[in-house]
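# Fold and geometry: a report
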Amino acid sequence: MIPYGRQDITEEDIIEVEKVLRSDFLTQGPCVPSFEKSVANYCGAKYAVAVNSATSALHVACLALDLGPGDILWTSPNTFVASANCALYCGASVDFVDIDPKTYNMSTESLSEKLSLAEKLGKLPKVVIPVHFAGQPCDMYKIHKLSKKYGFKIIEDASHALGSSYEKIKVGSCLYSDITIFSFHPVKIITTAEGGMSVTNDLDLYDKMKSLRINGIINDKKLMEIQPENEIWNYQQIKLGYNFKMNDIQAALGLSQIKRLDDFIIRRHKIANNYFKKLKNLKIILPFQSPGNYSSYHLFPICIYRRECNKTQKEIYEILRKNHIEANIHYIPVYLHPYYKALKFKRGYCPNAETYFKSTISIPMYYGLSYENQDKVIKIILNELK
Ligand SMILES: *Cc1c(COP(=O)(O)O)cnc(C)c1O
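It should be emphasised that the depicted structure is a prediction, and the values quoted were computed from it without experimental measurement.

## Focus on the site of the ligand
Near the ligand there are 15 residues, and of these Thr55, Asp157, His160, Ser183 and Lys188 occur at the shortest range. Serine 159 places a side-chain nitrogen or oxygen 3.3 Å from a nitrogen atom of the ligand. Considering the ligand on its own, with 380 Å² of exposed area, one finds that the protein chains cover 93% of that surface. Among the secondary structure elements, those contributing two or more residues to the shell around the ligand are α3 (54-64) and α4 (82-89).

So, in structure tokens, the structure goes:
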């Protein structure tokens, strides 16, 4: 089976994890803060908070920005459900901004129009979550400008985009956002098995997110409420938080993996270039690359439009699967899932995201994909779509 994505684990990774298993700390020990520092340094952010998944990172990021009942969060429909669920965890409502048919990211034109309408209706969002789909950064400069005009906060969902750059600046620098979050799920750029991180340049947001991942607890004496002299208070719960901690076993794997991050991405670029070279004469649409940006190439989505091709998306998907190539679909528009449909969303709500969903296939893209296996994929696509 050739998957669409998978992790790459070396002997060195295993040794680093084993060291933790033989050490004094299994949960938060020295590896967690080291991994946080290493991600923050890599992307040029001041602070980082490691958690047990990107889903948790999104959740605490929303809470730190005081998202709550009565508030509205907007995101892209072309994403994993977690980018929208975080609003609902906080009791806020969620809405979707259609994608740009070229980049598959949230369209800044649609965002601008929707904001102007929402202002008139008194329904502006408190938080907007752009998603750097497939590793291709969103137009952050424009989104940031709109945030100043309409007063919303920005969380970048960079689950796909560790190692990507926007206009030569690393994603995660938070130059145009309040918080950026990353995922370390095995199919993502680097892995900790399960894991996520939020980065920010704002000390207050950092403190809030740090306490929210440990049940809302603080142990800084200066921040505690004063208690009677004869009692021992070495920690206090000041908020309702969660147990979202990353452990040292995961962080050790992350620390070992991040050493190879740039190699991972260079290899992904080579794979992408091979696809671009060999598939360029077909009538399918290959993923657009914005000239000012550098993509981590988390995914390689191709689009098969019924009118132009002799086979449908579904036929190609099934032929690939029959040949043990586990192609996938990224993404079913979030609001079409049964849970979201029950919330009032209807088919046709974001037409570009729906057209894209019905034509896209993510073909294999990961560090360990051999040229031999990649050529098998290419040969099938060439045969079927010639
Ligand atoms: C993977 C992913 C997430 C969630 O990541 P987990 O670490 O699995 O919780 C969120 N958003 C996007 C866009 C993702 O691809």
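## Examining the nonpolar core
With 47 residues, the main nonpolar core has Leu67, Leu73, Phe96, Ile155, Ile179, Ile181 and Tyr340 as its most contacted residues. Listed by contribution, the elements that provide at least two residues to this core are β2 (47-51), α3, α4, β4 (93-96), β5 (127-129), β9 (179-183), α7 (203-212) and α12 (351-357). Mapped onto the domain boundaries, this core takes at least three residues apiece from domain 1 (11-258) and domain 2 (261-385). When sequence neighbours within four positions are dropped, the list of residues in contact with leucine 67 reads Cys62, Ile72, Leu73, Ala87, Cys90, Ala92, Lys126 and Val127. Formed by 29 residues, the second largest nonpolar core is a distinct cluster that contains Val20, Cys31, Cys43 and Ala252.

## Focus on the pattern of salt bridges
Enumeration according to the criterion identifies 13 salt bridges in this entry. Here glutamate 16 and lysine 19 are joined by a salt bridge, their closest N and O atoms 3.0 Å apart. Placement of the pair is glutamate 16 and lysine 19 together in helix α1 (residues 11-21), with a separation of three residues, close to one helical turn. For glutamate 16, a relative accessible area of 22% gives the class partly exposed. The salt bridge involving aspartate 204 is made with lysine 208; its shortest N-O contact spans 3.2 Å. With aspartate 204 and lysine 208 both in helix α7 and four residues apart, this pair spans about one turn of that helix. What makes aspartate 204 partly exposed here is its relative accessible area of 43%. The network of salt bridges with common partners includes Asp8, Asp13 and Arg260.

Definitions and limits used
Residues numbered from 1 in each chain as written. Predicted model: local features only at pLDDT ≥ 70, side-chain atom pairs only at ≥ 80, totals over all residues. Heavy atoms only, no water. Near = heavy atom within 4 Å. Polar contact = N/O pair within 3.5 Å; in protein donor to acceptor, adjacent residues only side chain to side chain. Areas by Shrake-Rupley, 256 points an atom, 1.4 Å probe, with all protein chains shown as cover. Helix = DSSP H or I, 4+ residues; strand = E, 2+ residues; numbered from the N terminus. Core = buried A, V, L, I, M, F, W, Y, C linked by side-chain atoms within 4.5 Å. Buried < 20%, exposed > 50% of the residue type's maximum accessible area, 1.4 Å probe, protein only. Domains from an automatic or database assignment. Contact = heavy atoms within 4.5 Å. Salt bridge = Lys/Arg side-chain N within 4 Å of Asp/Glu carboxyl O.

Distances and angles like these do not, on their own, reveal function.
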